[in-house]
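Given next are the chains, with one letter for each unit.
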Amino acid sequence: MVITKSRLVLGATAVALSTIAVTSLGIHSRGQALFKASPKELVDEVWQIVQRQYVDGTFNQVDWLAVRKEYLSKSYSSREEAYTSIREMLDKLDDPYTRFMDPEEFKNMQVDTSGELTGVGITISQDEKTKQIVVISPIDDTPAFKAGILAKDVIIKINGQSTEGMDTNQAVSLIRGEPGTKVNLIIERDGQVKEFQITRARIEIHPVKYSERQTPAGKLGYIRLNQFSANASGEMQSAIKDLERKRVAGYILDLRGNPGGLLYSSVEIARMWMDSGTIVSTIDRQGEQEREVARGNALTNKPLVVLVDKGSASASEILSGALQDHKRAVIVGSQTFGKGLVQSVRPLEDGSGLAVTIAKYHTPNGKDINKHGIDPDVTVDLSDEQRQELWLNERDKLATLADPQFAKAVEVLGQEIAARNITSSQKK
């Protein structure tokens, strides 16, 4: 199967793939195969895909050939036994982003083309070191967001069941459910344990929200991007064009809490802000690089500030990293999440699915942000208490001058606009 760009997902979105079952958001893929493999053939199919595509040719120091011999020497009386062996086999890679989904889990991961999500609205991951289930970010205005779930929260119990030893697929199956039903989450935050009772819902998601703002820096365009979904680039294009017609002096692009999304979406959006240069490089296990570049069709060259925080991950880091490296934007906020891996998602012959880490990505200047993230040009950190107060209890202050990160963005953008005007005057 040829993996097209529309099927490539980034760290947090691949993380979100395991959470996509929580939110019913996923990635388009081919239809289910017309025939079904035997349980042993399914085990071998998964092994073969990893053998061909996995990003690390040493398989994270695992003797992958010996793994095949071990698991194909077994007899399988049911598909469930094969599923158990596949998960055991993949666990040996010690990579939480390479994971197996049974047919129900894979079905729940598929894209719902109506744009409606069913669930609580969170993106989760499994911490690579601790193996804990960690929240990447809640999605704006969803039940989890309104309940007060924050990025980096560790989920320790779901409906009374401990998450110790649990993978993301299992967590997803426990968290998701029918609209109107409740799920109980026990989370740990900064050493404190908190309980959340959240009512699941059907949620309509629009990835882009924008407005014209009158500020001390002049008339600015404010654009909030929640996630890099299939329709994000179209909505971004419309927002920029509308704000250009209104003759704004500069832009604030808000990526705070954006957990990532589709690779091609982040590249398309970067091209709207950049006329030239590399956007991102993906590196496979042979060290071969595929570069995505700007194409000279930026929609605006006006000054830009990008807001980020610890909930900004994967595709958010590609976009902010590209704009930062090319000095196209000033990055304001706090250090981002740090997910620099790319996954492909494949349907298997029996309707189950496999996500495999196939590459890592670097910013244009060659920075590997995995486990570190993007460092802002101007740091404005908020405590969890400040962020919760702002994003939940005083929502009307978000993206106003009462929002410390936004206020700094306005200040910085004012300086950029003034410098641009001085330069223009001198040229005349």
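Residues numbered from 1 in each chain as written. Predicted model: local features only at pLDDT ≥ 70, side-chain atom pairs only at ≥ 80, totals over all residues. Heavy atoms only, no water.

Peer 1: So, the overall build of the protein: which residues are in play, and what are the values?
Peer 2: The helix and strand tally for the protein stands at twelve helices and 20 strands. In the protein, which comprises 428 residues, the share counted as buried stands at 56%. The contacts of the protein with a sequence gap of at least 6 include a subset with a gap of at least 24, amounting to 72%. Surface exposure of the protein reaches about 17,700 Å², of which carbon and sulfur atoms provide 46%. (Helix = DSSP H or I, 4+ residues; strand = E, 2+ residues; numbered from the N terminus. Buried < 20%, exposed > 50% of the residue type's maximum accessible area, 1.4 Å probe, protein only. Contact = heavy atoms within 4.5 Å. Areas by Shrake-Rupley, 256 points an atom, 1.4 Å probe, with all protein chains shown as cover.)

Peer 1: Give a description of the environment of S38 that names residues and reports values.
Peer 2: Its location among the elements puts S38 in the loop between α1 (11–23) and α2 (39–53). For the pair formed by S38 and Y76, sequence separation is 38 residues and the distance between their alpha carbons is 8.9 Å.

Peer 1: Explain the sheet that holds strand β12 (residues 218–225) residue by residue, including any values.
Peer 2: In any sheet, the strands associate via hydrogen bonds between backbone groups, in a parallel or an antiparallel arrangement. Sheet architecture is open: six strands sit in the order β11-β12-β13-β16-β17-β20, paired in mixed fashion. Bordering the open sheet on either side are β11 (208–215) and β20 (378–379), each of which pairs with just one other strand. Here two bridges tie strand β17 (residues 330–333) to β20, and the two strands are oriented parallel to one another. Within β20, the residue paired with V332 across the bridge is V378. Strands in contact with helix α10 (residues 315–325) are β13 (250–254), β16 (304–308) and β17; relative to β16, the strand with the most contacts, it is inclined by about 140°. (Pairing = 2+ DSSP bridges. Axes fitted to C-alpha atoms, helices over the stretch in contact; angles between N-to-C directions.)

Peer 1: Which residues make up the confidence of the model for the protein, and what values go with them?
Peer 2: Low pLDDT marks regions whose predicted coordinates should not be analysed in detail. On average, the protein scores 86 in pLDDT, and the residues at 70 or more come to 87%. In the model, residues 1–35 has pLDDT below 50 throughout and makes 137 contacts with residues more than four positions away in sequence or in other chains. When the criterion is pLDDT under 50, residues 111–115 qualifies, and its contacts beyond four places in sequence or with other chains add up to eight contacts. (pLDDT = per-residue confidence, 0-100.)

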